[in-house]
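Descriptive analysis of the structure
One-letter residues, chain by chain:
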Amino acid sequence: MALKVYNTLGRKKEEFKPIHAKKVGMYSCGPTVYNYAHIGNLRTYIFNDILRRTLIKNGFELNQVMNITDVGHLTSDSDEGEDKMLLASKREHKSALEIAKFYTESFFKDTGRLNIQKPEIICKATEHIKQMIEMNEKIEKNGFAYFKGGNLYFDTAKLDDYGKLARLKLDELKEGARTDKDQNKKSPTDFVLWFTKSKFGAQEMKWESPWGIGYPGWHIECSAMSSHYLGEQFDIHTGGIDHIPVHHTNEIAQAEAAFQKKPWVKYWLHGEFLVMDKGKMAKSAGGFLTLQSLIDKGYDPLAYRYFCLGTHYRKQLMFSWEGLDTAASAYNSLKNRISEIKRQAGGEVNPEFKEKYRTIFMQAVNDDLNMPQALANLNQMITDNAMSPNTKLELIADFDEILGFDLLKEEKIDIPVDVQELVDKREEARKKKDFKLSDKIRADIKVKGYVLEDTSEGPRVKKI
Ligand code: AMP
Ligand code: ZN
């Protein structure tokens, strides 16, 4: 079965054909670690994870690389604003390295709780300054750079197809669509490859370079690290849609200027944004929701994963508490239904049924990661009475390799002490055949958010 993905380059779904038969190289733009990841960022990493699992399920040998942006970059994509890392250092009275370490750990704690698998290679920008300098040297040697006012700039006019990913209309941009106050630039689309003239007196991170002591521009980080690990041409590059017009556009410009090979990357996949009522959720704007804030309100992180998979990754997703509640209860009832199937385990595994449901599930997944359809297929399968519980259990295990919902993991619910006391009291009442009291206690348990079921092994408590 062919895997199809929507390639931003051609603006259409294309059959995925890697450069080297079964081996796939994929680069995913990673987090900037000067603050917690917000749930919008995490939506993008859930999309990356589904793509990763889909490639593996299709039998490809995947090498996924993700960067950690621990060099201080500016709050605006176009070389403007303040240094994000420096802002965080001031805010928290810590060094830039301490800030980066803390937020990198917190990022992986979040992705772990969301069952997002770790890429094969995780690389820090601060450990690859050498590769960035070497790439800048190639760009300069090939005639695509100029040095002015203390900084090395990329000369976008030298590339005849600059902006092809974003389909930028360069004439309009030249007339001021992209505001830029940097007088050194020959064109508003030009961007910095290496800063020596720090705009900030207290710049903490600096390195020696052929252009003087300074630090790299943001875009060179991803071009240099991806090519270092995946080669001068590779298969897939991912990120959020905000990266199309500037960051990814400039990554392509740098790589194609340095290596003189086209296309640098064959497939570009972008995830749409998670938005709030009041608009965009932005890390630099503060006041955003973290995964921990959802957990503190009692949500299972995997309920958030379920919420995200309910909308196709190329559609904007509006966050609301009602929407999250709906997803959480759908996820809960899915798990409850599966527990029921596990309890009934038995029956022959029917290969035809297995094949039928596996095919329709994989058709949805391989159709540009149509997860809302894949979820509908899962629900249809588990409610199909013609199938034995054992056939269902094998399919659930198979689908969960893509979904990452821990569908067969036994629920380990921490029952609060007061609920456990009620359960014990009710058990006593039931044994004494005081059914009136027993029903009343059952209702009290429900008010506390739990349901009680009587099974052959005794009472079982579940979260509603
Ligand atoms: P950052 O750490 O800000 O560089 O962002 C990490 C990833 O999250 C990037 O791929 C961004 O494109 C993506 N991203 C940022 N904001 C959102 C959002 N509101 N919804 C979905 N993805 C986002
Ligand atoms: Zn990047």
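Scroll up to find the structure this text is about.
Residue indices begin from 1 for each chain and proceed along its sequence in written order. Here the convention is simple: chains get letters from A, ligands get numbers from 1, in the order in which they are written. In view of the model being predicted, local features appear only for residues whose pLDDT reaches at least 70, and side-chain atom pairs are presented and counted only at 80 or more, with totals across whole chains, interfaces and linings using the full set of residues. Think of the side-chain values as coming from all heavy atoms in the structure, minus any hydrogens and water.

Examining the nonpolar core
In plain words, nonpolar cores are sets of buried Ala, Val, Leu, Ile, Met, Phe, Trp, Tyr and Cys residues tied together by side-chain atoms within 4.5 Å. Classification of residues uses two cut-offs on accessible area relative to the type maximum, computed with a 1.4 Å probe and protein chains only: under 20% is buried, over 50% is exposed, and between them is partly exposed. Grouped together as the largest cluster of nonpolar side chains are 123 residues, with contacts concentrated most on Leu-55, Tyr-304 and Leu-403. Secondary structure follows DSSP: runs of H or I at least 4 residues long count as helices, runs of E at least 2 residues long count as strands, and numbering of each begins at the N terminus. By residue number, the principal contributor to this core is helix 1 (residues 39-57), which donates 8 residues. As annotated, the domain borders come from an automatic or database domain assignment. Structurally, this core is a two-domain feature, drawing no fewer than three residues from each of domain 1 (18-271) and domain 2 (285-403). Contact definition: two residues touch when any of their heavy atoms are within 4.5 Å. Once residues within four sequence positions are removed from consideration, Leu-403 is found in contact with Ile-50, Arg-305, Leu-309, Phe-361, Met-371, Leu-375 and Leu-378.

Looking at the coordination of the zinc ion (ligand 2)
Tetrahedral coordination by four donors places them ideally at 109.5 degrees to one another around the metal; octahedral coordination by six donors ideally gives 90 or 180 degrees. Because no water is among the atoms considered, metal sites can look incomplete, with donors defined as N, O and S atoms within 2.8 Å of the metal, or 3.2 Å for Na, K and Ca. At the metal site, the zinc ion (ligand 2) is ligated by Cys-29 (SG), Cys-222 (SG) and His-247 (NE2), and these contacts range over 2.1 to 2.2 Å. The sequence motif formed by the donor residues of the zinc ion (ligand 2) is C-x192-C-x24-H. Of the two residues, Cys-222 sits in helix 6 (residues 218-230) while His-247 sits in helix 7 (residues 244-259), which places them 25 residues apart along the sequence. By relative accessible area, which is 0% here, His-247 ends up buried.

Things to note about the sheet that holds strand 5 (residues 121-124)
Strand pairing is assigned whenever DSSP detects at least two bridges linking the two strands. Here 5 strands make up an open sheet; going across it, the order is 5-4-3-10-11 and the pairing parallel. Each having just a single partner strand, strand 5 and strand 11 (265-271) make up the two edges of the open sheet. Strand-to-strand twist of the sheet, defined as the mean angle between neighbouring strand axes without regard to direction, takes the value 20°. In the sheet, strand 10 (residues 234-240) pairs with strand 11 via 6 bridges, with the strands oriented parallel. The partner of Thr-238 across the bridge, within strand 11, is Leu-269. The angle between two axes is taken between their N-to-C directions and runs from 0 to 180 degrees, where each axis is a line fitted to C-alpha atoms and a helix contributes only its stretch in contact.

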